[in-house]
Amino acid sequence: MAYSEKVLDHYEKPRNVGNLDKDDQSVGTGMVGAPACGDVMRLQIKVGDNGVIEDAKFKTYGCGSAIASSSLLTEWVKGKTLEEASAIKNTEIAEELALPPVKIHCSVLAESAVKSAIEDYNKKQKV
Amino acid sequence: MNLPIYFDYSATTPVDPRVAEQMIQYLTQYFGNPASRSHQFGWDSEKAVEKARENVAALINANPKEIVWTSGATESNNLAIKGAAHFYQKKGKHIITSMTEHKAVLDTCRQLEREGFDITYLNPQSNGLIDLKELEAAVRDDTILVSIMHVNNEIGVITDIAAIGEMTRSHKVLFHVDAAQSAGKVPIDLATMKVDLMSFSAHKIYGPKGIGALYVRRKPRVRLEAQIHGGGHERGMRSGTLATHQIVGMGEAFRIAKEEMTTENQRIGKLRDKLLNALQDIEEMYINGDEKQRIAGNLNISFNFIEGESLMMALKDLAVSSGSACTSASLEPSYVLKAIGRNDELAHSSLRFTLGRFTTEEEVDYAIPLIRSNIEKLRDLSPLWEMFKEGIDLNSIQWDSH
Ligand SMILES: Cc1ncc(COP(=O)(O)O)c(C=O)c1O
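Along each chain, numbering runs from 1 in the same order as the chain's sequence is written. The lettering of chains begins at A and the numbering of ligands begins at 1, in the order of writing. For a predicted model such as this one, the threshold for reporting local features is a pLDDT of at least 70, and the threshold for listing and counting side-chain atom pairs is 80 or more; totals across whole chains, interfaces and linings nevertheless cover every residue. Excluded from the side-chain calculation are hydrogens and water; included are all heavy atoms of the structure.

Some remarks on the overall build of chain B
Stated formally: Runs of E in the DSSP output that reach at least two residues are strands. Runs of H or I that reach at least four are helices, and both are numbered from the N terminus. Exposure classes here rest on a 1.4 Å probe applied to the protein chains alone. A residue is buried below 20% of its type maximum, exposed above 50%, and partly exposed in between. Whether two residues touch is decided by their heavy atoms; if any such pair falls within 4.5 Å, the residues are in contact. Only four residue types enter the charge count, namely Lys and Arg as positive and Asp and Glu as negative; His and the chain termini do not. Every charge is mapped onto a representative atom, which is NZ of Lys, CZ of Arg, CG of Asp or CD of Glu.
Within chain B one finds 12 helices and 13 strands. Once the C-alpha set of chain B is aligned to its principal axes, its extents read approximately 75 × 55 × 35 Å. Of all 402 residues assigned to chain B, the portion counted as buried reaches 59%. When contacts within chain B are restricted to residue pairs at least 6 apart in sequence, long-range pairs at least 24 apart make up 73% of them. The centroid of the 45 positive side-chain charges in chain B is displaced by 9 Å from the centroid of its 53 negative side-chain charges.

Structural notes on the nonpolar core
This is how it is decided: Throughout this description, the term nonpolar core refers to a set of buried Ala, Val, Leu, Ile, Met, Phe, Trp, Tyr and Cys residues connected via side-chain atoms within 4.5 Å.
Ranked by size, the top nonpolar core spans 66 residues in total, and within it Phe 303 and Ile 371 of chain B carry the most contacts. For this core, the element with the highest residue contribution is helix H5 (residues 104-126) of chain A, accounting for eight residues. With residues up to four places along the chain from it excluded, the contact list for Phe 303 of chain B reads Leu 279, Ile 282, Glu 284, Met 285, Leu 311, Ser 349, Leu 351, Ile 371, Ile 375 and Arg 379 of chain B. Grouped together as the second largest cluster of nonpolar side chains are 43 residues, Ile 67, Met 198, Tyr 215 and Met 250 of chain B included.

Some words on helix H4 (residues 103-114) of chain B
All names here are of chain B. As a reminder, the rule being used: In this analysis, the expected span of each helix is defined as 1.5 Å times one less than the number of residues it contains.
In this model H4 runs 16 Å from its N-terminal to its C-terminal C-alpha over 12 residues, within 8% of the 16 Å that 1.5 Å per residue would give. Where H4 is concerned, the buried positions are Ala 104, Val 105, Leu 106, Thr 108, Cys 109 and Leu 112. For H4, the elements touching its buried residues are helix H3 (73-88), strand E3 (94-98), strand E4 (118-122), strand E5 (143-147), strand E6 (174-178) and helix H9 (335-339).

A short note on the interface of chain A and chain B
Keep this limit in mind: By convention, the term buried area covers the 1.4 Å-probe accessible surface removed from two parts as they join, with the contributions of both added. Whenever a carboxyl oxygen of Asp or Glu lies within 4 Å of a side-chain nitrogen of Lys or Arg, that contact is scored as a salt bridge.
Contact with chain A, which involves 30 residues of that partner, is made by 26 residues of chain B. The largest share of the area that chain A buries against chain B comes from Tyr 11, Pro 35 and Tyr 61 of chain A, three residues that together contribute 27% of it. On inspection of chain A and its partner chain B, the count reaches four salt bridges. One salt bridge in this structure joins Lys 59 of chain A and Glu 386 of chain B, with 2.8 Å as the shortest N-O distance.

Section: the sheet that holds strand E1 (residues 27-34) of chain A
Residue and element names in this part refer to chain A. Note the threshold: Think of it this way: DSSP has to see at least two bridges between two strands before they count as a pair. Convention adopted: a line fitted to C-alpha atoms gives each axis, helices being fitted over their contacting stretch, and angles between N-to-C directions are expressed from 0 to 180 degrees.
Here we have three strands laid out as an open sheet, ordered E1-E2-E3, and antiparallel in their pairing. Across the chains shown, the open sheet's two edge strands, defined by having one partner strand only, are E1 and strand E3 (53-61). Here the strands of the sheet are splayed against their neighbours by 10° on average, with no regard to which way each runs. Sheet analysis places E1 next to strand E2 (residues 39-47), joined by eight bridges and oriented antiparallel. Each residue of the ladder has a partner; that of Gly 30, found in E2, is Leu 43. Sheet strands in contact with helix H2 (residues 64-77) are E2 and E3, and its direction is about 175° off that of E3.

What about the packing of H2 of chain A against helix H4 (residues 90-97) of chain A?
All names here are of chain A. To keep things clear, this is the line we draw: By definition in this entry, angles of less than 35 degrees are roughly parallel, angles greater than 145 are roughly antiparallel, angles of 65 to 115 are roughly perpendicular, and the rest are oblique. Note on convention: the crossing is left-handed when the near helix lies turned anticlockwise from the far helix by less than a right angle, right-handed when the turn is clockwise. Gly falls in the polar group here, along with every residue not listed as nonpolar (Ala, Val, Leu, Ile, Met, Phe, Trp, Tyr, Cys, Pro) or charged (Asp, Glu, Lys, Arg).
As a packed pair, H2 and H4 sit with axes 10 Å apart at the nearest point and diverge in direction by 110°. One way to sum up the angle between H2 and H4 is to call them roughly perpendicular. Between H2 and H4 lies a crossing whose hand is right-handed. Of H4, the residues touching H2 (which contributes Ala 68, Ser 69, Leu 72, Leu 73 and Trp 76) are Glu 92, Ile 93, Glu 96 and Leu 97. Of the residues contributing to the contact of H2 with H4, the split by class is six nonpolar, one polar and two charged.

Points about the packing of H3 of chain B against H4 of chain B
Residues and elements named next belong to chain B. Packing of H3 against H4 leaves a shortest axis separation of 9 Å and a crossing angle of 30°. Taken together, the axes of H3 and H4 lie roughly parallel to each other. Judged by the sense of rotation from one axis to the other, the crossing of H3 with H4 is right-handed. Touching Thr 74, Asn 77, Asn 78, Ile 81, Lys 82, Ala 85 and His 86 of H3 are Ala 104, Val 105, Thr 108, Cys 109, Gln 111 and Leu 112, all from H4. Of the residues contributing to the contact of H3 with H4, the split by class is six nonpolar, six polar and one charged.

Some details on the pattern of salt bridges
Residue and element names in this part refer to chain B. Applying the stated criterion across every chain yields a total of 34 salt bridges over all chains. Note that Glu 252 is salt-bridged to Arg 255, the shortest N-O span being 2.8 Å. One end of the pair, Glu 252, and the other, Arg 255, are both in helix H7 (residues 244-279), three residues apart, so they sit about a helical turn from each other. The class for Glu 252 is buried, based on a relative accessible area of 10%. Asp 273 is the salt-bridge partner of Arg 272, the closest N and O atoms lying 3.0 Å from each other.

Observations regarding the site of the ligand
All names here are of chain B. So the rule is basically this: The rule for a residue being near a molecule or strand is that one of its heavy atoms must lie within 4 Å of it. Residues adjacent in sequence count toward polar contacts only when both atoms are side-chain atoms; beyond that, a polar contact is any pair of N or O atoms within 3.5 Å, and within protein one must be able to donate a hydrogen and the other to accept it. For the area figures, the Shrake-Rupley method with a 1.4 Å probe applies, and any residue is considered shielded solely by the protein chains shown. Points on a 1 Å grid, built from protein atoms alone, make a cavity when a 1.4 Å probe fits but cannot get out and make a pocket when they are open with protein on both sides within 12 Å along at least 5 of 7 lines; residues with an atom within 4 Å of a point are the lining residues. Throughout, a molecule is located in a cavity or pocket provided that more than half of its atoms lie within 2 Å of its grid points.
In the vicinity of the ligand, 13 residues are found, and the nearest of them are Thr 74, Asp 178, Gln 181, Ser 201 and Lys 204. A distance of 2.6 Å separates an oxygen atom of the ligand from a polar atom in the side chain of Ser 201. Protein burial of the ligand: of its 400 Å² of free accessible surface, 85% is covered by the chains. Taking a 2 Å distance to the grid points as the criterion, the majority of the atoms of the ligand fall inside the largest pocket. Among the elements that line the shell around the ligand, the one with the most residues is H3, at three residues. Tallied by class, residues from the shell around the ligand come to three nonpolar, eight polar and two charged.

Here it is as structure tokens:
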């Protein structure tokens, strides 16, 4: 299967790989997927006092499209409010990366990774 | 050295130039129908077909009369299993095979199940091989056929078919062997091995695609019900005008294999060992299939915490294959690796390197640092690797499966 230019670009030069301190109150961590299914994404966001995402990091176990989806996502969420970030749709990711139908699940996973990171952040704020 | 480098000889092989040269004459010059008995064109083609039959028979120490031309190992497997099942069904309707067979065997067995046959699918041991005692224990009064492959296409392990043949013969059960991956790589002597039916393919041993053969034993005689009907070619077992050029190609490929197999195996084995030795110290790598009892050209490894397709993408200069689900339409990881007890993660993480006649040391030397550096790169990207390094038991985590 041929990969799109954008998938290759993100795969070869993944953006924002790494970790944020998961115990930091301003950091939300989302981990989705399962090793048995062949993909696990971990997305972390650092949220400023103004509710804007200041930083994002990821690590992904999965195929090239999964890695590209999560790399793209970290670029997209930075500078967005939590509300804006949670409105990101998998279809937008799939479109941007020109994912073929068999790879749509990678973008679905990316969407749930943001939602899960935001949820984790919100949970921390309640305590 | 040309890129990408071909490390997928178990999928198919290039046609050896010596083979191609032989074939071409039978497309343009000697184009006659080998079944034409009334003129020189037919006689020339027939002679070439019979010469090829001798060459195929010689590699496996059989009688040329025991060779039936087919379109490939898929058809040979279909003809052997369905043909024997249909012919002998009055004696019984039970067939034994293994879970790691090629789809051409498994799907044929599924079809027979729909026709009312009863199939036992044996689970291999963790080294990929079937336990002979377990196989014997599965034989029943109504068992008519055992079908076990000689060399597995994914993990390259070699089954002791001589031992199975002794057992099946003593129980008066027919024994079919899919030898698509073993012919020309492992010695086969059908004068001593008690195999009744054996499937071959040309394109796995430097012959053309679309041609194969089925060995059908004459003493003791094995009967088959034809699956393709027509002009009664191949003693009625497989009708259809013989593809002279393809058959000539297969014959030449088998002739070369007989001559060069021993030296070729040594050379390829050394290259494979070089590749293996250079990767052996990588943490969390698992060799799939028995390490000793395997063909010279096969190396199947799982690199834990890396997904196979992404590794293949990183290794785009190397043409390899993976047991990862992402490479198949099914979204299921390799059923062979699952059957030998690898968990889903390790099955997803597997790469198969298969080396062959045209693999060079330079190619292996090029591949080694490329593989090593990309494993490191992808592990740096892998949350699972990070967790493993932190000592977290991945089984203790509640993953959401999707
Ligand atoms: C073990 C085995 N059996 C059967 C086949 C099918 O052979 P063919 O491509 O000649 O139909 C293959 C190759 O794909 C194989 O590896």
